[in-house]
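So the chains spell out like this:
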Amino acid sequence: MKTILLVAAALLFAAPAMAQHAHQKGPNGGPMEDVAGVHLEMIVSGKTLTFHVIDEASKPIPATGFTGAVLLTSGSDRETLPLVVSGTALKAETRGDVPKGATVSVTLKTAEGKSGQVKFKN
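Residues numbered from 1 in each chain as written. Predicted model: local features only at pLDDT ≥ 70, side-chain atom pairs only at ≥ 80, totals over all residues. Heavy atoms only, no water.

(A) Main features of the packing of aromatic side chains. Scanning all chains against the criterion turns up 1 aromatic pair. The interplanar angle of 45° and the centroid separation of 5.9 Å between the aromatic rings of F51 and F120 together place this pair among those described as tilted. Of this pair, F51 sits in strand 4 (residues 48–54) while F120 is found in strand 10 (residues 115–121), placing the two residues 69 residues apart along the sequence. The same class applies to F51 and to F120, which are both buried. (Phe/Tyr/Trp six-rings, centres within 6.5 Å; stacked < 30°, edge-to-face > 60°. Helix = DSSP H or I, 4+ residues; strand = E, 2+ residues; numbered from the N terminus. Buried < 20%, exposed > 50% of the residue type's maximum accessible area, 1.4 Å probe, protein only.)

Listed below in structure tokens is the structure:
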């Protein structure tokens, strides 16, 4: 009986932790995460990383006043990239194509001064 209760308790506590790492799909088909009070959706195309800034109603928000940076990690390779505002998105350009399986860590500061970090897997 103790074993069953311990297993049930472990599953109950593990479920919320696993759910936190599940990516939502954004309106453009990319993975989407919450950070600093907004949603960021990542789209990768060759050397370009695009992060669409989206509100709770899945509508694009102007990225004016947002700042941030990306740390792109693949194996032992690391590249730090500034984010540049492009309408309702933030963009970063890499030296080469973004490799599959790379970790993309984004540090973001909104126009209102809220800040946060989020990680994506390519």
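Additional details are given in the paragraphs that follow.
(B) Molecular detail of the nonpolar core. One finds L40, L49, F51, V70, V104 and V106 to be the most contacted residues of the largest nonpolar core, which totals 23 residues. Those elements that provide at least two residues to this core are strand 3 (38–45), strand 4, strand 5 (67–74), strand 8 (89–93), strand 9 (103–109) and strand 10. Residues contacting L49, with those up to four places away along its chain left out, are M42, I43, V44, V70, L81, L90, K91, A92, T94, V98 and V104. (Core = buried A, V, L, I, M, F, W, Y, C linked by side-chain atoms within 4.5 Å. Contact = heavy atoms within 4.5 Å.)

(C) Seen up close, the pairing of strand 6 (residues 77–82). The pairing of strand 5 with strand 6 spans 6 bridges and is antiparallel. Following the sheet pairing, T73 is matched in strand 6 by R78. In sequence, strand 5 turns back onto strand 6 through a hairpin of 2 residues, with G75 there showing a positive phi of about 65°. (Pairing = 2+ DSSP bridges.)

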